[in-house]
Amino acid sequence: MISRDVVIVGGGAGGIAVAASLLRRRPDLDIAIVEPRETHDYQPGYTLVGAGIFTPGKVRRTMASVMPKAVSWLKTSAAGFDPDNNRVQLGNGGAIDYRLLIVATGNRLDFDAIDGLTATLGRNGVTSNYRYDLAPYTWKLVQGLQDDRALFTQPPMPIKCAGAPQKAMYLSCSEWERAGRLGAIKAEFHSAGEVLFGVPAYVPALERTVERYGIDVHLGSNLIAVDGPGKTAVFKSTSGEESRSFEMLHVTPPQKGCKVVADSTLADGSGYVEVDPSTLRHKRYPNVMALGDAGNMPNAKTAAAVRKQAPVVADNGLAILDGKEPRMAYDGYGSCPLTVEKGKILLAEFGYGGALQPTFPTWLIDGTRPSRLAWVLKKDVLPSVYWDAMLKGHEWLAAPKPLRAAG
Ligand code: FAD
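Residues numbered from 1 in each chain as written. Predicted model: local features only at pLDDT ≥ 70, side-chain atom pairs only at ≥ 80, totals over all residues. Heavy atoms only, no water.

Chemist: Even after reading the chapter, I still don't get the pattern of salt bridges, so can you show me in this structure?
Modeler: Proximity of charged atoms lets side chains of opposite charge pair with each other. By the definition in use, this model includes 26 salt bridges. We note a salt bridge from Asp 133 to Arg 131, for which the minimum N-O separation is 2.8 Å. Residue Asp 133 is classed as partly exposed on the basis of its relative accessible area of 48%. (Salt bridge = Lys/Arg side-chain N within 4 Å of Asp/Glu carboxyl O. Buried < 20%, exposed > 50% of the residue type's maximum accessible area, 1.4 Å probe, protein only.)

Chemist: Any chance you could explain the sheet that holds strand 15 (residues 232-237) here in plain terms?
Modeler: As a general point, the strands of a sheet are linked pairwise by backbone hydrogen bonds and lie either parallel or antiparallel. An order of 14-15-16 is seen for the 3 strands of this open sheet, with the pairing classed as antiparallel. With one partner strand each, in any of the chains shown, strand 14 (222-227) and strand 16 (240-245) form the two edges of the open sheet. In this sheet, neighbouring strand axes are inclined to one another by 25 degrees on average, regardless of whether the strands run parallel or antiparallel. Sheet analysis places strand 15 next to strand 16, joined by 6 bridges and oriented antiparallel. When the bridges of strand 16 are listed, Lys 236 appears paired with Glu 241. (Pairing = 2+ DSSP bridges. Helix = DSSP H or I, 4+ residues; strand = E, 2+ residues; numbered from the N terminus. Axes fitted to C-alpha atoms, helices over the stretch in contact; angles between N-to-C directions.)

Chemist: Help me understand the site of the ligand in this model?
Modeler: Contacts to the ligand come from 36 residues, most closely from Gly 14, Glu 35, Ala 78, Lys 167 and Asp 293. In this structure, an oxygen atom belonging to the ligand sits 2.6 Å away from a side-chain N or O atom of Glu 35. Here an oxygen atom of the ligand and a backbone polar atom of Thr 302 are 3.4 Å apart. If the ligand stood free it would expose 1000 Å²; the protein chains cover 92% of that surface. A per-class count over the shell around the ligand returns 16 nonpolar, 13 polar and 7 charged. (Near = heavy atom within 4 Å. Polar contact = N/O pair within 3.5 Å; in protein donor to acceptor, adjacent residues only side chain to side chain. Areas by Shrake-Rupley, 256 points an atom, 1.4 Å probe, with all protein chains shown as cover. Nonpolar A, V, L, I, M, F, W, Y, C, P; charged D, E, K, R; others polar.)

Chemist: Would you take a moment to explain the packing of aromatic side chains for this structure?
Modeler: Ring pairs (aromatic) are described by centroid distance and by the angle formed between their planes. On inspection of all chains with the given rule, the structure shows 9 aromatic pairs. Between Tyr 330 and Tyr 352, the aromatic rings sit 5.6 Å apart at their centres with planes inclined by 80 degrees, giving edge-to-face as the arrangement. Here the residue Tyr 330 occupies a position in the loop between strand 20 (328-329) and strand 21 (334-341), and Tyr 352 occupies one in the loop between strand 22 (344-350) and helix 10 (372-389), the gap between them amounting to 22 residues. Looking at Tyr 352, the relative accessible area reads 23%, which means it is partly exposed. An aromatic cluster is built from Tyr 42, Tyr 386 and Trp 387, whose rings are joined through pairwise contacts. Directly above the aromatic system of Tyr 132 lies the positively charged group of Arg 60, at a separation of 3.6 Å from the ring centroid. Its guanidinium or amino end placed over the ring of Trp 73, Lys 75 lies 4.6 Å from that ring's centre, counting from NZ or CZ. (Phe/Tyr/Trp six-rings, centres within 6.5 Å; stacked < 30°, edge-to-face > 60°. Lys NZ or Arg CZ within 6 Å of the ring centre and 35° of its normal.)

Chemist: Looking at this model, I keep getting lost on helix 1 (residues 13-25). Mind explaining?
Modeler: In an α-helix, one turn spans 3.6 residues, which is why side chains three or four residues apart end up on the same side. For helix 1, built from 13 residues, the straight-helix expectation of 18 Å at 1.5 Å per residue is met to within 8% by its first-to-last C-alpha distance of 19 Å. Most of helix 1 is tucked away, with 11 of its 13 residues classed as buried. Within the sequence span of helix 1, burial applies to Ala 13, Gly 14, Gly 15, Ile 16, Ala 17, Val 18, Ala 19, Ala 20, Ser 21, Leu 22 and Leu 23. (Expected span 1.5 Å × (residues − 1).)

Chemist: What is the right way to read the sheet that holds strand 11 (residues 148-154) from this model?
Modeler: If you walk across this open sheet you meet the 5 strands as 10-17-11-12-13, and the pairing is parallel. At either end of the open sheet lies a strand with only one pairing partner, and these are strand 10 (126-127) and strand 13 (216-219). With 7 bridges joining them, strand 11 and strand 12 (residues 185-191) adopt parallel strand pairing. The partner of Ala 150 across the bridge, within strand 12, is Ala 187.

Chemist: I would appreciate a short explanation of the nonpolar core in the present structure.
Modeler: Across soluble globular proteins, nonpolar side chains show a tendency to be buried alongside one another. Residues Phe 81, Val 88, Leu 101, Ile 102 and Val 103 are the most contacted members of the largest nonpolar core, which totals 81 residues. If one sorts the elements of this core by residue count, helix 9 (residues 303-321) sits on top with 11 residues. Among residues more than four places away in sequence, those in contact with Leu 101 are Val 7, Val 9, Phe 81, Val 88, Leu 266, Asn 287, Val 288 and Met 289. Membership of the second largest hydrophobic core comes to 52 residues, among which are Leu 151, Leu 196, Val 199 and Leu 223. (Core = buried A, V, L, I, M, F, W, Y, C linked by side-chain atoms within 4.5 Å. Contact = heavy atoms within 4.5 Å.)

Chemist: Help me understand the state of the cysteines in this model?
Modeler: For the coordinates displayed, the defined rule picks out 0 disulfides. Between Cys 173, a free cysteine, and Cys 336, which holds the nearest cysteine sulfur, the sulfur-to-sulfur gap is 17 Å. In this structure Cys 173 comes out as buried when scored by relative accessible area, which is 0%. You can see Cys 336 has no disulfide; the closest cysteine sulfur is in Cys 161, sitting 3.3 Å from it. Relative accessible area serves as the criterion here: at 2%, Cys 336 is assigned to the buried category. (Disulfide = S-S within 2.5 Å.)

Treat this as a map of the structure, not an account of what it does.
Written as structure tokens, this is what we have:
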């Protein structure tokens, strides 16, 4: 039986960032990361791949290159959690014991929940920026579409990066506008939600963007089926079911807690790890923590949130290992850079309860107005913040706040 002081499950944004932050604080810490994938993606870049701004190569690196040298990498998946015995069952048939478990498995993209979708993804004009292999197809469709109807969908919350469905739509419209084809293309946004964006401060600027591109917005309209060869999508709303024909369909898949988490006693009723939203410590298992999309905290599920969560989990995790109480708090920060056109972004930054948490003074970047500087930040600065700071334990603008001060 293998045993480690710290076992981290998942080597995505959260898993690698928290390992790096732990090692910054305690370089000789005994850590294992359980992660089966050979590659690691900068998922916030998928939107820019779908708009022809980034090449796919810019958002993918080998897992080996981001894995901190001091950790043991177990190249297998977690097959089950047994927190009563401090044990994780592994996909390779083994098991690993821990003193502290950190769950960072992300969330599950449930393309199969929509009837007919999986069979037609990547063909017949059906795409999704939520998958690395499909984002280039989005850009191909955008370039090829001359006229007819383009549908963009958003499922019920929670989803990672709640702005990503609209980002795909606005960047596509921006390209059609540039190419002089926007008048011939009819874009429609179908969202299962009842508002354009969950934080009211950003809605007026989004409404102006919708008007500019002539987008037909259908709120409370949820995609339930796709017929790829027939180029038809079916939506359900309170007034019944409606079929819409399309030439291009960009789908944001419904999202759930990972199955291995949802099937375990770590999960709450919704399938996410049940943690205290401030300390990120499990509510029932004191030596278990979670961060990123796997947790049930009510923040915007973003890499920006992970940047702030990792130092909190590192600090509190070490306190737990030392037999002390957690001292640091996460304030719910998340960020969604809404790409309203090629060259401008609405930099939505907010915490728990929708409280605005701007990083920059308003005179530099006013998050409620489209900003060129925010575009430069997203395109040229944030990728290096991710690869070179966050994944290396440099906690840029992410110093954890003591529990008392955070609220
Ligand atoms: P992930 O990064 O998804 O990593 C989870 C890891 O866990 C994966 O490596 C996976 O292989 C592993 N794993 C899963 N199950 C198991 C298992 N059983 N055993 C072992 N390992 C397992 N964020 C922003 O901040 N800004 C943006 O503009 C933005 N835009 C986005 C646009 C799109 C299209 C998408 C898809 C995401 C976007 N995000 C954005 C969200 C951001 O990428 C995620 O919130 C972030 O990656 C979450 O990190 P994570 O570690 O929780 O999950």
